[in-house]
Amino acid sequence: MLIKSRRATQKFEPAYLRLFESGELKRRVERALALLQSCTACPRNCRVDRLADKFAVCRTGRYAIVSSYGPHHGEEDCLRGWRGSGTIFMSGCNLRCVFCQNFDISWQLRGAVTPPEKLAQMMLELQEQGCHNSNFVTPEHVVPQIIEALPLAIEGGLHLPIVYNTGAYDSMESLELTDGVVDIYMPDFKYWDSEMARKYSKAPDYPEVARRAIKEMYRQVGDLVMDENGLAKRGLLIRHLVMPADIAGTREVTRWIARELSPTTYVNLMPQYYPAGKVSRNEYTEINRRITLSEYERALDEAWGAGLKRLDPRRPSCLGIF
Ligand code: SF4
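Below is a summary of the structure that appears in this document.

What counts and what doesn't
- Numbering of residues starts from 1 in every chain and runs along the sequence as written.
- Totals for whole chains, interfaces and linings use every residue, but because this is a predicted model, local features are given only for residues with pLDDT of at least 70 and side-chain atom pairs only at 80 or more, for both listing and counting.
- Water and hydrogen atoms play no part in the side-chain values, which are based on all heavy atoms of the structure.
- The buried label applies to any residue whose accessible area, calculated with a 1.4 Å probe on protein chains only, is under 20% of its type's maximum; exposed applies above 50%, and partly exposed to all values in between.
- Secondary structure counts use DSSP, requiring at least four H or I residues in a row for a helix and at least two E residues in a row for a strand, with both numbered from the N terminus.
- One bridge is not enough; two strands pair if DSSP finds at least two bridges between them.
- Seen with the strands pointing away from the viewer, any crossover whose path from the first strand over the helix to the second strand runs clockwise is right-handed.
- The distinction between a cavity and a pocket rests on a 1 Å grid over the protein atoms alone: a 1.4 Å probe fits inside a cavity but cannot get out, while a pocket stays open yet meets protein on both sides within 12 Å along at least five of seven lines, and a residue with an atom within 4 Å of a point counts as lining.
- Grid points are joined across faces, edges and corners, and a volume is the space filled by probe spheres set on the points.
- By nonpolar core is meant a set of buried Ala, Val, Leu, Ile, Met, Phe, Trp, Tyr and Cys residues that side-chain atoms within 4.5 Å join together.
- Residues are treated as being in contact if the distance between any of their heavy atoms lies within 4.5 Å.

1. Looking at the pairing of strand 4 (residues 134-137)
Sheet faces and side chains relate simply in a regular strand, where the side chains alternate between the two faces.
So, step 1. Across the two faces of strand 4 the burial is the same, with S134 and F136 and N135 and V137 all buried.
So, step 2. Where strand 2 (residues 85-90) lies against strand 4, four bridges are found, and the strand directions are parallel. Counterpart to T87 in the pairing with strand 4 is N135.
So, step 3. Sheet analysis places strand 4 next to strand 5 (residues 162-166), joined by four bridges and oriented parallel. The partner of N135 across the bridge, within strand 5, is V163.
So, step 4. The β-α-β motif built from strand 4, the intervening helix 6 (residues 143-155) and the parallel element strand 5 has right-handed crossover chirality.

2. Quick word on the layout of surface pockets
So, step 1. The computed volume of the largest pocket comes to approximately 1000 Å³.
So, step 2. Along the wall of the largest pocket there are 39 residues; nearest its centre are Q101, N102, D188, R239 and M270.
So, step 3. Elements with a contribution of two residues or more to the lining of the largest pocket: strand 2, helix 4 (103-106), strand 5, strand 8 (232-241), strand 9 (266-270) and helix 12 (316-319).
So, step 4. A total of three residues in the lining of the largest pocket trace back to one element, the largest contributor, which is strand 2.

3. Some thoughts on the nonpolar core
Nonpolar side chains in soluble globular proteins generally cluster together in the buried interior.
So, step 1. Among the nonpolar cores identified, the biggest contains 83 residues, and F99, L119 and Y206 are the most heavily contacted of them.
So, step 2. Sorting elements by how many residues they give to this core places helix 9 (residues 206-221) first, with eight residues.
So, step 3. Not counting the four nearest positions on each side in its chain, Y206 is found in contact with L95, G167, A168, Y169, D188, F189, K190, Y191 and A197.
So, step 4. Ranked by size, the runner-up nonpolar core spans ten residues in total, among them C78, L79, M226 and Y266.

4. Details of the pairing of strand 1 (residues 64-72)
So, step 1. In the sheet, strand 1 pairs with strand 3 (residues 112-114) via three bridges, with the strands oriented antiparallel. Looking at the pairing, A64 lines up with T114 of strand 3.
So, step 2. Relative to strand 2, strand 1 is paired through six bridges, and the arrangement is antiparallel. Its bridge partner being in strand 2, S68 is matched across the sheet by F89.

In structure tokens:
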């Protein structure tokens with residue numbers, strides 16, 4: 001399989017440093033906090049006052065809740081490199097899929113309330129440990145809190161690329177805030193079909209929202225660019241979890257990516273689905289199994305057939321499941 005790497009030709013500097021120096025980042029913090037007052041930070045538009053620590057679907061009030069943070073060696077090679085991706089796992093979620101593989105984090109909110117000073121400290125600690133990037137996992141509902149913490153981290157010397165590791169249920173208001181802040185967008189495009197999104201994530205508008213959000217992400221950062229060591233520095237990396245009985249709509253998703261974004265969009269077709277969360281022998285039985293080898297091979301064929309040219313090559317450990 002031929003995977004073309006686009007190489008960064010200039011010394012990397014994260015985009016947010018320019019916003020910080022111009023004073024724009026300070027204005028973004030003000031706008032971000034205003035979003036929390038009648039919360040429209042994500043497409044749920046709950047309109048609760050999170051500045052007063054009220055919460056709704058995401059069950060997160062004034063401050064982010066962090067379940068854990070540390071160097072992560074399970075991400076794509078271009079993110080984990082050799083010293084790990086500096087992941088910060090946010091608790092709570094605006095989607096709360098029934099098959100969530102982080103059920104205790106997203107549904108049960110395991111973690112610690114984390115004010116901006118502490119969040120900034122986490123980013124700096126991960127940088128100190130040698131991580132290649134600052135990777136926010138499930139950030140959709142805490143974009144304002146991340147923006148609030150960023151100037152503090154920059155004052156402390158943060159210079160890593162920021163990875164926005166999202167389920168793609170993002171509002172345009174949040175993406176306006178992250179424009180010029182996020183270097184690498186990593187949305188997981190979960191469903192093509194609105195009925196599937198309603199059934200498994202209670203978000204019938206998910207496909208429409210995700211398409212709009214991912215287009216905006218691509219507009220902001222373009223195709224994924226790597227440096228001479230194969231580390232991602234800037235751009236879009238789309239994940240797509242291949243699901244049993246094709247409930248994710250892989251054919252349509254990959255065709256849309258090739259047609260509406262670019263055939264050179266970097267895509268990771270993920271085979272590692274396993275039943276979790278609310279999925280059991282009694283509930284959601286149709287997805288109470290792993291995918292088969294032939295289902296995964298079909299998904300790959302569909303992606304190549306759609307014209308995609310940059311599929312993530314690292315699959316061997318996952319293939320062990322078949
Ligand atoms: S971020 Fe949370 S409170 Fe705000 S709109 Fe989304 S789900 Fe609702």
